[in-house]
Amino acid sequence: PGMMWSLAVEGVVKLGAIIAVGIFVCYGLFEGPGDIMTRAADRSANQPLPMFENQTSFTTWTSYTILALFAFLFLPRQFHVAVVENSSERHIRLAQWLVPLYLIAINLFVVPIALGGLLLGHPSGGADTFVLHLPLESGQRWLSLFVFLGGFSAASGMIMVSSMTLATMTTNHLFIPIITRVKALGGLRRFLLLSRWIAVAFVVFAGWGFLEAVGESQMLVTLG
């Protein structure tokens, strides 16, 4: 329950942060979403913005969408939250409309923020950091701090639930079967909780080691 409360709180914080910076970009740096779209269209007519230079085929776009769907449904942390930690069927009925609404809300300002950053001369390679750079460069320190806390909150929640989920899988499907089959290890049953803590530490440090090994060559890995 404590972990689920933490995830709920970080979900609200990061949603608030992305909406706040979206409103700032649309109405603080520009004159609204329509103004951003008009400027982007005018700019693209003369010199295409980086995000419009390489058109993605329908097949590629569909493949990405299907992969995202599978990730959303089958990643260990998604399964853990949706199934393992689900304590009531009423939560499923709530999630049926709340989760899509949340996804729409958190993606509402993605395109305006991306276009706004490109129109202001920022490189497309750093688009993932526009939410932090745009308010910071405009002198909005409190908004920048809020956005940073939103990102930190999201990262903490991801690490928390991923570590807990993989640790649970490790103890349930590796540790327990081994001590059950090997009678000499039967005394380790009393250390089940400790083994889960050790598994959590292993997952966190393994993630850090993976970042150090390949993170510099893969931007997505670094962000993750």
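Refer to the structure above for everything that follows.
Just so we're clear, the structure is a prediction, and the values are computed from it rather than from any experiment.

S.K.: Mind showing me how you'd approach the overall build of the chain here?
M.R.: Helix and strand counts for the chain come out as eleven helices and zero strands. Going from the N terminus to the C terminus, the chain shows its helices and strands as α-α-α-α-α-α-α-α-α-α-α. Its C-alpha atoms give the chain a radius of gyration of 22 Å, clearly above 17 Å, the size a compact globule of 224 residues would have. Based on the C-alpha atoms only, the size of the chain along its principal axes is roughly 75 × 40 × 40 Å. By the burial criterion, 23% of the 224 residues in the chain qualify as buried.

S.K.: Looking at this structure, I do not really get a nonpolar patch on the surface. What am I missing?
M.R.: Residues I178, V182, L185, L188, F191, L193, L194, W197 and I198 make up a contiguous nonpolar surface patch of about 810 Å² in total accessible area. Per element, the largest residue contribution to the nonpolar patch is four residues, and it comes from helix α10 (residues 192–214). By secondary structure assignment, the location of L194 is in helix α10. On the basis of relative accessibility, which here comes to 41%, the residue L194 falls in the partly exposed class.

S.K.: What exactly am I supposed to notice about the pattern of salt bridges here?
M.R.: As a working rule, side chains carrying opposite charge can pair if their charged atoms are close by. Scanning the model with the defined rule gives two salt bridges in all. Here K14 ties to E10 by a salt bridge, and the two come within 3.9 Å at their closest N and O atoms. Taken together, the positions of K14 and E10, both in helix α1 (residues 2–29) and four residues apart, correspond to about one turn of that helix. The class of E10 is buried, set by a relative accessible area of 10%.

S.K.: Just checking my understanding: could you explain the packing of aromatic side chains for this structure?
M.R.: Given two aromatic rings, their pairing is described by the distance between the two centres and the angle made by the two planes. Under the defined criterion, the tally for this structure stands at three aromatic pairs. When the centroid spacing of 6.3 Å and the interplanar angle of 25° are considered together, the rings of F148 and F152 count as stacked. Here the residue F148 and the residue F152 both occupy positions in helix α9 (residues 141–181), the gap between them amounting to four residues, near one helical turn. F148 gets classed as partly exposed once you look at its relative accessible area, which sits at 47%.

Definitions and cut-offs
- Residues numbered from 1 in each chain as written.
- Predicted model: local features only at pLDDT ≥ 70, side-chain atom pairs only at ≥ 80, totals over all residues.
- Heavy atoms only, no water.
- Helix = DSSP H or I, 4+ residues; strand = E, 2+ residues; numbered from the N terminus.
- Rg over C-alpha atoms; globule rule 2.2 N^0.38 Å.
- Buried < 20%, exposed > 50% of the residue type's maximum accessible area, 1.4 Å probe, protein only.
- Patch = residues over 30% accessible without salt bridge, like charges linked within 9 Å, V, L, I, M, F, W, Y side chains within 5 Å.
- Areas by Shrake-Rupley, 256 points an atom, 1.4 Å probe, with all protein chains shown as cover.
- Salt bridge = Lys/Arg side-chain N within 4 Å of Asp/Glu carboxyl O.
- Phe/Tyr/Trp six-rings, centres within 6.5 Å; stacked < 30°, edge-to-face > 60°.

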